[in-house]
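Notes for the structure review
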Amino acid sequence: MSPSLPSISSDDLLTMARSLDAESLARVIALRDWLITVAGQMEDPNEVLSGFLDRLIELGLPIDRAVSAIETLHSEYAGIGRFWTREEGTVVRYLPHGDRRETVYQTSPFAHVNRTGQWLVLDLANTPDDLFPIIPELKEAGYRHYVTIPIRFTNGAENAISFATRSAQGFGTRELTILRMVIPSFALVTELRATSNRLDEVLRIYVGDDPHKAILSGAIQRGQVTRIRSAILFADMRDYTHISSTLSPESAVDLLNNYFDCLVPPIEDEGGEVLKYLGDGLLAIVRDKGDDTGGAAQSALTAATKALRRIEAANNEGRFPVPINVGFALHHGDAAYGNVGSGQRLDFTVIGRDVNLASRIAELNKSLGEPLLMSKPFVEHLWGNPSPLGAHEVEGFAEAVEIYKP
């Protein structure tokens, strides 16, 4: 095991630059410029990594394998690993949350360099197999030299990248000097991209796909409203207050997550968007596509029907503390979303008469004993022949509302 390489000063970097021949130095500067300008604008992060590696190889670095691991802020995974080899190119792996991933990480070279803050350079022929679990695997694959580099973001996120080679000469002074000169630029671009992706993902998770795009495009002033002509789906769990009153907060959250796991996938499979979670309910839309309003209505009906079947299956499998019921209301009209609030605290919420009507129709599910109800404006866009249930008074609306069931 070679001594870890500490961080370097600007004077050290200048000395390194002088150690390179003129052509190599010019190409290193060009690579740094490419990272800051071109790579920073690329949409596909895989292209950034492969482009970076291609240019390092053109500079004479005998890279046969590279792995990067970048922390993310995502509800479904903790990080993204990119594994590159000369033979297979780039393969993306999503690093899961949980103790198992943490155990694997803590025994890895990546954790070691983040703890020490120093580069790790290993001549694998002289490295014991038990130093890190990855060492036997690297040796078996024929790698001779291995370098791991910490990449710490300004927010404290711990990331890293590693390089391995089968070359008997390994990574010499020239190769390590080039890496020393270009890694800061690579780290900067990686952090800028990760920060942008983190903001994008967090907004998408909490306000939905289209609203998050609107916010990022500048729609953050109070009073801005966007109308979406669509099929509107409102779902509400029956007797949630009574059911949850006997549960711990943790069990109640688990109940809601299992419940939404039954509702959300069918909606998304049908091209719908969940705009708002409302305690034990949700509001979703399926946008009209031009004049094809029947397609949106049929997709919303299909989503609700599939969700009801998933709830029934979950009840039969005992996935809830007690069997649960859900009521769906389907309507067609304008879902308007925009910024509501005061001062510097705004909420990107969904408002409008048609949204209110959908929620009021959902209140009729229990009294009518039907799990799925539809308004007249909705059924007018359907291809089938729904059954009328008469006109019913709903709170907040002067005229009775005609209700149908599939």
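Source: prediction; values computed, not measured.

Attention shifts here to the pairing of strand β5 (residues 145–152). Of all eight residues that make up β5, seven are buried, and the element is covered over most of its length. Of the pairings in the sheet, the one linking strand β4 (residues 120–123) to β5 comprises four bridges and is antiparallel in character. Within β5, the residue paired with V121 across the bridge is V147. One ladder, built from eight bridges, connects β5 with strand β6 (residues 158–165); its direction is antiparallel. Of the residues in β6, the one forming a bridge with V147 is F163. The hairpin turn running from β5 into β6, its antiparallel successor, is five residues long, and G156 in that turn takes a positive phi close to 95°.

Relative to the assigned elements, D64 resides in the loop between α3 (45–58) and β1 (65–71). A distance of 2.7 Å separates a polar atom in the side chain of D64 from the backbone nitrogen of R166. When sequence neighbours within four positions are dropped, the list of residues in contact with D64 reads W84, T85, R86, Y143, A164, T165, R166 and S167.

So, about unusual backbone geometry. Of note in this structure, D239 is not a glycine but carries a positive phi near 60°. Position of D239 relative to the elements: it lies in the loop between β7 (225–237) and α9 (240–244). Taking the relative accessible area as the measure of exposure, D239 reaches 43% and is therefore partly exposed.

Inspection of the entire model under this criterion finds 17 salt bridges. A salt bridge links D334 to R227, with the shortest nitrogen-to-oxygen separation between them at 3.9 Å. Of the two residues, D334 is situated in strand β10 (residues 326–342) and R227 in strand β7; the sequence distance between them amounts to 107 residues. D334 gets classed as partly exposed once you look at its relative accessible area, which sits at 22%. As a salt-bridge pair, R319 and E317 come within 3.7 Å of each other at their nearest N and O atoms. For E317, a relative accessible area of 58% translates into the label exposed. Through salt bridges with shared partners, a single ionic network connects R227, R229 and D334.

About the criteria used
- Residues numbered from 1 in each chain as written.
- Predicted model: local features only at pLDDT ≥ 70, side-chain atom pairs only at ≥ 80, totals over all residues.
- Heavy atoms only, no water.
- Buried < 20%, exposed > 50% of the residue type's maximum accessible area, 1.4 Å probe, protein only.
- Helix = DSSP H or I, 4+ residues; strand = E, 2+ residues; numbered from the N terminus.
- Pairing = 2+ DSSP bridges.
- Polar contact = N/O pair within 3.5 Å; in protein donor to acceptor, adjacent residues only side chain to side chain.
- Contact = heavy atoms within 4.5 Å.
- Salt bridge = Lys/Arg side-chain N within 4 Å of Asp/Glu carboxyl O.

Honestly, it's all geometry; don't read function into it.
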